Amino acid sequence: MTGVPQIFQAITLISYLFFHWKGALDHESIKLKVFVNRNHIIYVQQWYLIYFEDQTENYISQQLPLVQTLDPIQISLDGLKPYTKYNYLFHFDQLSKFNSSNITNNYEIFWFKTLQTPYLKQNLSFSFSSCAKTGSEDHVFQDIIDLFPDHQFFIQMGDIYYGDIIQNQETLYDESYYRMFESKSQSKFYQYYGLVYIWDDHDFGDNNSGESSPGKQAATSVYLKNVPHYPLRYLPQDLPQKYLNSEGIYQYFIAGQTLFVIMDLRTHFRDGVRAMDQNQLMWVIEILDWCKQNQKIDNLVVVSSIPWLGKDWVTFKEQRTIIGNKMAEVMKAKQNVLLITGDSHMVAFDNGYNNDAGGFPHCISSPMDKTPSCKGGQYTFGPFSGNSQYSTLDITYDPATNINCFIVKGWRGKDVLYNYNSCNQKDRELKTSNSCFTSVLQIFINTFVPLLLILVVLVLIWRYTLRFSNQLSHQQVAQQYINLVKKDDQEQNQNLHSYTFDEKQNKQPGTAQKKNSASNLNEVEREKFMNQEIPPNQLPTFLNSAQNQKSVENI
Ligand SMILES: [Fe+2]
């Protein structure tokens, strides 16, 4: 760095490394793809990747090339110890100037943990999801880091960005990746965890894209260039490698006693016809057969970018039946089988009760940051339609019983949506069929029933208040009535004397009888009224009639 002003050197050192991520993680190796800043001016003359086993000081260094292109540098770290945590950093100077005694202050330290040795039974935990807007800064990325700082990897099941590219131009795909790397939250997230990534429609082409997508070649080239991935189209070592020369990015890996099979459902997708070509279908069948027969594999996890129930797979009836039947065979021979999927912007889990093609457990995990939706199917748990969603799988092994438990949880941010444990008989045998309709109904019930209860309470309060005021009104009117009757009785007494006099005067007899009848009627109605048998709103009429009666009598 001679000849460059010191302050300029500092800026250059900070900005030279743009982004890196790591994948193809196994028990003894890992691959990193390192991107330098596209606006870089190379004043860095040497730089190194330095890595060391956690809690040790045995530093290993690897000099990195100086590049002037947007293409990432691929680094392979081999010969690592299984199931071991390593730390690493980037050093931008002569190696002799590396100061190991104070690295936490001078360097940003990254980490990874190698996978469990194949067939060795150990615990394993990871998270998985799909669908994030290009360059999203959603809090979900930090939430996962906060809750699960020790997970070894994250499975991204498609739509890692929404490029919707319909041109065969690699620069457009590169641009989408770079926009994702520029997101602070995604940059931190993907530099934190090991990556397992398979594409879906929006990061392969546009909506529902497949083999006829104009950008297919460019998408494939840029994936191979930018994404650290497992060897493509390989089968386990003891099988003949028949599919290496075909197309597609399907891959597998083994972590301890669990086999992961990752399908590519875009390269040869034909809408409503097929999810994959014949080569991949045969690859899936062969590796599932291998799994079924391998006594050292306890568990199977199959990754599908599209959901098994409700949409897409249902339209590929033939391929769905073949794969479903094969997975059902594997399930009989293994402790746990689970299909994990993305695409539908919701979280849901089915313990197999609603799976009409294979009867194995299946879950949907989406979206990290995209408009929520509900795309059909029936499930034991969910569907939960929302944003900032993902799922976790904890594989716990008990040496005493030789049993693996699959503990699956759906999450929204830092809140648990459901919890399924394969070792819990109640969870395994649960026979519920929740659909998007029941989900919407549930939202309706959760939202409107409390409102309805509040409304009922308000109506009751209103009626009680009205009744109380009516009682007051009763009492007031009753008093008026009593006064009126008293006055009426006084008048009658006076008139009785006059009637006697009138009768004596041969005036019309029987008037007093009438008055007594009216008085009796008033007595009866007053009784009814006081017992509240007469509604208060009839009182004016009643009083009027009493007054009318009085006025008739006065004629
Ligand atoms: Fe999506």
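The rules behind these values
- Residues numbered from 1 in each chain as written.
- Predicted model: local features only at pLDDT ≥ 70, side-chain atom pairs only at ≥ 80, totals over all residues.
- Heavy atoms only, no water.
- Helix = DSSP H or I, 4+ residues; strand = E, 2+ residues; numbered from the N terminus.
- Buried < 20%, exposed > 50% of the residue type's maximum accessible area, 1.4 Å probe, protein only.
- Contact = heavy atoms within 4.5 Å.
- Areas by Shrake-Rupley, 256 points an atom, 1.4 Å probe, with all protein chains shown as cover.
- Donors = N, O, S within 2.8 Å, 3.2 Å for Na, K, Ca; no water.
- Salt bridge = Lys/Arg side-chain N within 4 Å of Asp/Glu carboxyl O.
- Disulfide = S-S within 2.5 Å.
- Phe/Tyr/Trp six-rings, centres within 6.5 Å; stacked < 30°, edge-to-face > 60°.
- Lys NZ or Arg CZ within 6 Å of the ring centre and 35° of its normal.
- Polar contact = N/O pair within 3.5 Å; in protein donor to acceptor, adjacent residues only side chain to side chain.
- Axes fitted to C-alpha atoms, helices over the stretch in contact; angles between N-to-C directions.
- Parallel < 35°, antiparallel > 145°, perpendicular 65-115°, else oblique.
- Nonpolar A, V, L, I, M, F, W, Y, C, P; charged D, E, K, R; others polar.

Engineer: What's the story with the overall build of the chain in this structure? I'm lost.
Structural biologist: Along the chain, the regular secondary structure elements total twelve helices and 20 strands. For the chain, the residues scored as buried account for 50% of the 555 residues in total. Across the chain, contacts joining residues at least 24 apart in sequence account for 72% of those joining residues at least 6 apart. Just so you have it, the chain exposes about 26300 Å², and 52% of that area is on carbon and sulfur atoms.

Engineer: Explain the environment of G342 here, please?
Structural biologist: As for its position among the elements, G342 is in the loop between β14 (336-341) and β15 (347-350). For the pair G342 and P307, spaced 35 residues apart in sequence, the C-alpha to C-alpha distance is 6.3 Å. In this structure G342 touches S130, M157, S304, S305, P307, I364, S365 and S366, once residues within four positions along its chain are discounted.

Engineer: Sorry, what's going on with the coordination of the iron ion here?
Structural biologist: Geometry reference: four tetrahedral donors at a metal, ideal angle 109.5 degrees. Six octahedral donors, ideal angles 90 or 180 degrees. Coordination of the iron ion by the protein is provided by C131 (SG), D159 (OD), Y162 (OH) and H345 (NE2), with metal-donor distances spanning 1.9 to 2.5 Å. On the basis of relative accessible area, H345 is assigned to the buried category, the value being 9%.

Engineer: Looking at this structure, I do not really get the pattern of salt bridges. What am I missing?
Structural biologist: Close approach of charged atoms allows side chains of opposite charge to pair. Considering all chains together, one arrives at 17 salt bridges under this definition. Measuring nitrogen to oxygen at the nearest pair gives 2.7 Å for the salt bridge that ties D174 to K225. Note that D174 is positioned in helix α4 (residues 170-182) and K225 in helix α6 (residues 216-226), a separation of 51 residues in sequence. Overall, the relative accessible area of 9% leaves D174 in the buried class. K225 sits in the buried class, given a relative accessible area of 19%. In this structure, the salt-bridge partner of R266 is D200, at a minimum N-O distance of 2.9 Å. Taken as a pair, R266 in the loop between β12 (258-262) and α7 (278-293) and D200 in the loop between β10 (194-197) and α6 lie far apart in primary sequence, 66 residues in all.

Engineer: What exactly am I supposed to notice about the state of the cysteines here?
Structural biologist: One covalent bond between the sulfur atoms of two cysteine residues makes up a disulfide. In the structure shown here, the tally under the stated rule is one disulfide. Two residues, C405 and C423, share a disulfide whose sulfurs are 2.0 Å apart. Taking the sign of the S-S torsion, about -100 degrees here, the bridge from C405 to C423 comes out left-handed. Residue C405 is found in strand β19 (residues 403-412), and its partner C423 is found in the loop between β20 (415-421) and α9 (425-428); the two are separated by 18 residues along the sequence. Relative accessible area serves as the criterion here: at 15%, C405 is assigned to the buried category. Classification of C423 as partly exposed rests on a relative accessible area of 34%.

Engineer: Looking at this structure, how should I read unusual backbone geometry?
Structural biologist: Leave glycine aside and you will find that most residues have negative phi; peptide bonds, for their part, are mostly trans. A cis amide bond links S366 to the next residue, P367, at an omega of -15 degrees. Within the secondary structure layout, P367 lies in the loop between β16 (362-364) and β17 (381-384). In this structure, P383 follows G382 across a cis peptide bond, with omega equal to -5 degrees. Looking at the secondary structure, you find P383 in strand β17. Unusually for a residue other than glycine, D343 sits at a positive phi of about 70 degrees. Within the element layout of this structure, D343 appears in the loop between β14 and β15.

Engineer: What is the right way to read the packing of aromatic side chains from this model?
Structural biologist: Two numbers describe a pair of aromatic rings. These are the distance of the centres and the angle of the planes. Applying the stated rule across the entire model yields 54 aromatic pairs. Here the aromatic rings of F349 and Y418 are separated by 5.6 Å at their centres, their planes lie at 35 degrees, and the arrangement is tilted. Taken as a pair, F349 in strand β15 and Y418 in strand β20 lie far apart in primary sequence, 69 residues in all. By relative accessible area, which is 4% here, Y418 ends up buried. If you follow K85 out to its NZ or CZ, it ends over the ring of W111, 5.3 Å from the centre. The ring of Y162 is capped by K370, whose NZ or CZ atom sits 4.3 Å from the centre of that ring.

Engineer: Would you explain the side chain of N351 in this entry?
Structural biologist: On the secondary structure map, N351 appears in the loop between β15 and β16. Of note is the side chain of N351, whose polar atom sits 2.9 Å from the backbone oxygen of D427. Once residues within four sequence positions are removed from consideration, N351 is found in contact with P361, T380, Y420, D427, R428, E429 and L430.

Engineer: What should I look at first to understand the packing of α4 against helix α5 (residues 184-192) in this one?
Structural biologist: Think of two packed helices as two axes; the pair is described by the angle between the axes and how far apart they sit. With their axes 5 Å apart at the nearest point, α4 and α5 run at an angle of 90 degrees to one another. It follows from the interaxial angle that α4 and α5 lie roughly perpendicular. Contact residues: α4 offers M180, F181 and E182, while α5 offers K184, Q186, S187 and Y190. Of the residues in the contact of α4 with α5, the class split is three nonpolar, two polar and two charged.

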